[in-house]
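Residue-level structure breakdown
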Amino acid sequence: MATHTHCPYCALQCAMRLAPAGRMAVPAGTASAVAETGTTAAGPAPAGTVLEAAGRDFPTNRGGLCRKGWTSPTLLNSPERLTTPLLRGADGELHPVGWDAALDRAAGAVRAAWAAYGTDAVGVFGSGGLTNEKAYQLGKFARLALRTSRIDYNGRFCMSSAAAAGNRAFGLDRGLPFPLADLDNAHTVLLLGSNVADTMPPFVAHLQGTRDAGGLIVVDPRRSATAALTGGGTGLHLQPSPGTDLALLLGIAHVVVQEGLADKEFIQRRTAGYRSVARSLNAWWPERVQAVTGVPAELVRETARRLAEGARRARAGLTAGGSYILTGRGVEQHVDGTDTATAAINLSLLLGLPGTTHSGYGTLTGQGNGQGGREHGQKSDQLPGYRKITDPAAREHVAAVWGIAPDQLPGPGLPAVELLKSLGRPGGVRCLFVHGSNIAVSAPDAGRVLAGLRSLDFLMVADFVLSETAAEADLVLPVLQWAEEEGTMTNLEGRVLRRRRAVTPPEGARSELWIMQELAARLGAPSMFSDNPETIFEELRRASAGGPADYSGIDYGILDDDSVPAYWPFPAGSAGTPRLFLEAFAHADGRARFTAVSPGDTADALHRPGELTLVTGRLLEHYQSGAQTRRVAELSAAQPEPRLQLHPATALPLGIGNGDMAEISNHRGTVRARAELSTDIRPDTVFLPFHFAGEQSANLLTQAATDPVSGMPEFKTSAVQVRVLEKAGSR
Ligand SMILES: Nc1nc2c(c(=O)[nH]1)N[C@H]1C(S)=C(S)[C@@H](COP(=O)(O)OP(=O)(O)OC[C@H]3O[C@@H](n4cnc5c(=O)[nH]c(N)nc54)[C@H](O)[C@@H]3O)O[C@H]1N2
Ligand SMILES: Nc1nc2c(c(=O)[nH]1)N[C@H]1C(S)=C(S)[C@@H](COP(=O)(O)OP(=O)(O)OC[C@H]3O[C@@H](n4cnc5c(=O)[nH]c(N)nc54)[C@H](O)[C@@H]3O)O[C@H]1N2
Ligand SMILES: [Mo]
């Protein structure tokens, strides 16, 4: 019998069944498959069992999986799997060491850093890939066991701008405030900077109805796989110059106001701040927007009209109505990402989309637990339940749950980019714990991050493979993989899901919860640390109770029944909240906030003669830093190396032909990649995926400049020069 769980990768958290190879008795979606219980009656398969995955019927993925999902069990038995702690010896190499010695060494390093530099010299870097239980206990571990304020996580690279914009406008940040299936058959869907066809393939099924009706509008400087979904019908692909989405959104909003398409009743009844925004839009007429973005004025107008028509139809109760505006990393990972997401929200408010049953705004959360990971206290400024660490009432509540005095809780720490800049510096972090991130590859200006990691007194990395970051560590602790552990994940809809154990972990690997528990004991931490996920979840419920992300009514029993979807907020005694804001937004007065925003001059500053704009992003076959997927044979065979996408008109004067080796460089670094000529990209823009390491690492070129509100780094636009290095076949 198969185990019901969810994919280890992205935030779509596709439902899957896992069974020993050849034993997947019933096909997914059949009646008998549905009758299967969550856990295997016989318990997890013995260690080393080869598992296979199959899609399982679920409202988000509807039985679908992508290539990463199908191949995900491979890594469980990979020869590259770590199964013993590794300690760097006097010879500079990593050597196997026992668990006791490893944990003693880590605790000793923490004490040494405390004694030499104070408690804030210890830092923690967490992850949106961790289960809710791990994320929660990691935040507690940092503050009570390591006694540091210096904890942040890779969600700062991912969701922070959209989260900041959502909090500002709605008073609450849940990526999608509605179930994904609400999108089905919408009249118009405007997707900005999101390439779901590659990054969440089963998501595309939810766009089918809209595509068929010609209502899909994709905004991307490339004709991505998703932009291509607008072809063959009456969909629209808007192809702006990278980093100009804010101006584009102001232009669309301008048309909405000028042509009388705004929902005045909604604005008056449910929002505040309209006037200042309406005034600020005057300056962004479509022809000016065309000059700034390169998007034809007529397409700016057409987009506004289609969105308004979808909203109007839904309000009038007509079929095939509803308009949705969705943002992805392409518009958020900029130094003005918060303002750009705000502009998307302003547009949605003008049209009366949020807080209705037929329309809405949402951001597509990225990592497996990118939503839960931002709620339970691994952010530098936050306590569990999405509480603010500076709020005295929040401190009091969490301290009471933890059985400590509020003044035993440190204050706010440093956001990720600042934390990484501080490594090894005076007043900075000297001893760093990394849980679930490969920052040597995925952080901006990776060359500097690597130098920072090397300047530390002590680096501990918990991982199940020797990632590029783990390879730099003084101590590597081997942890469990998704199919070997129990826990919960919160998907991109804010729905809490059960991750279940299907196989016994290999001898030698340990749960991260156990590691924290052991270290907390060695460091004399107050309060309770556990290696039991359900025990931790029970405490998380209490810690989150009354906070914005309230999980107090959810327990493992409820989660075992898929027919009772657990969307937060889910206060005890409630039935959860599939759709937020239907009655009121989360600000005290119940109104959503318009905030006037305008573009800075960052995009213009890029185009000096001879420079191109490098945008970075993803390929279907690889996940993030590639630490996992580069170790899956099928995936790495499909995408063995990065390719630089560039337009033939750009390549010609540079003497670059298809398949030639190119060098991409700026003052931060140099990258080598094979050229792939394509008319799918703007001539002023080139594209690299960031899944590769060493001299193939796109982040050697990106800058650690950050959004002033969210701390999100500028991943999407970097000025670069490109030259030919070696002609194909010239060796
Ligand atoms: N296969 C795969 N799937 C993944 C992941 C993965 O690594 N691999 N990661 C997961 C995670 S954590 C995340 S955050 C999501 C990310 O999912 P997406 O947001 O879909 O991913 P990206 O490829 O980073 O960016 C999307 C698109 O933005 C475009 N873009 C770049 N700059 C701009 C710009 O200035 N304006 C506009 N309008 N568009 C721009 C790019 O050309 C790209 O096609 O994917 C998740 N799913
Ligand atoms: N240039 C550029 N850079 C980017 C982006 C971009 O678009 N362009 N996108 C950014 C975004 S959105 C994101 S989310 C980041 C992600 O980048 P990273 O934070 O580096 O994410 P991963 O590559 O998923 O790294 C996860 C690591 O943790 C391990 N791991 C997985 N699960 C667990 C676990 O439960 N416990 C522990 N201890 N380890 C685990 C994996 O093996 C892997 O080594 O990259 C960012 N970097
Ligand atoms: Mo992400």
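Heads up: the structure comes first, above all this text.
Small disclaimer: the values here were computed from a predicted structure and weren't measured. (Residues numbered from 1 in each chain as written. Chains lettered and ligands numbered in written order. Predicted model: local features only at pLDDT ≥ 70, side-chain atom pairs only at ≥ 80, totals over all residues. Heavy atoms only, no water.)

On to the site of ligand 2. The full set close to ligand 2 counts 31 residues, and Asn154, Ser437, Ser442, Asp463 and Ser625 are the nearest of them. Taking aspartate 463, its side chain carries an N or O atom lying 2.6 Å from an oxygen atom of ligand 2. At 2.5 Å, a side-chain N or O of serine 625 approaches an oxygen atom of ligand 2. For ligand 2, whose accessible area on its own is 920 Å², the fraction buried by protein is 96%. Here ligand 2 occupies the largest cavity. Of the residues assigned to the shell around ligand 2, the class counts are eleven nonpolar, 15 polar and five charged. (Near = heavy atom within 4 Å. Polar contact = N/O pair within 3.5 Å; in protein donor to acceptor, adjacent residues only side chain to side chain. Areas by Shrake-Rupley, 256 points an atom, 1.4 Å probe, with all protein chains shown as cover. 1 Å grid on protein atoms, 1.4 Å probe; cavity = no way out; pocket = protein on both sides within 12 Å on 5 of 7 lines; lining within 4 Å. Sits in = over half its atoms within 2 Å of the grid points. Nonpolar A, V, L, I, M, F, W, Y, C, P; charged D, E, K, R; others polar.)

Quick look at the pattern of salt bridges now. Counted by the stated rule, this structure contains 38 salt bridges. Between arginine 301 and glutamate 298 there is a salt bridge; the shortest N-O distance is 3.3 Å. Note that arginine 301 and glutamate 298 are positioned in helix 12 (residues 297–315) at a spacing of three residues, about one turn of the helix. Taking relative accessible area as the criterion, arginine 301 reaches 18% and is therefore assigned buried. Put simply, Glu259, Glu287, Glu298, Arg301 and Arg305 are held in one network by salt bridges that share partners. (Salt bridge = Lys/Arg side-chain N within 4 Å of Asp/Glu carboxyl O. Helix = DSSP H or I, 4+ residues; strand = E, 2+ residues; numbered from the N terminus. Buried < 20%, exposed > 50% of the residue type's maximum accessible area, 1.4 Å probe, protein only.)

Taken together, 33 residues surround ligand 1, and among them Asp220, Asp245, Arg618, His622 and Gln624 come closest. In the model, a nitrogen atom of ligand 1 is placed 3.3 Å from a nitrogen or oxygen of the aspartate 198 main chain. Glycine 330 is positioned with one of its backbone polar atoms (N or O) 3.3 Å from a nitrogen atom of ligand 1. In the complex, the protein chains occlude 99% of the 910 Å² of accessible area that ligand 1 would expose alone. In this structure, ligand 1 is accommodated by the second largest cavity. Looking at the shell around ligand 1, the elements with two or more residues in it are helix 6 (196–199), helix 13 (329–332) and strand 23 (612–617). Here the element with the most residues in the shell around ligand 1 is helix 13; it accounts for three residues.

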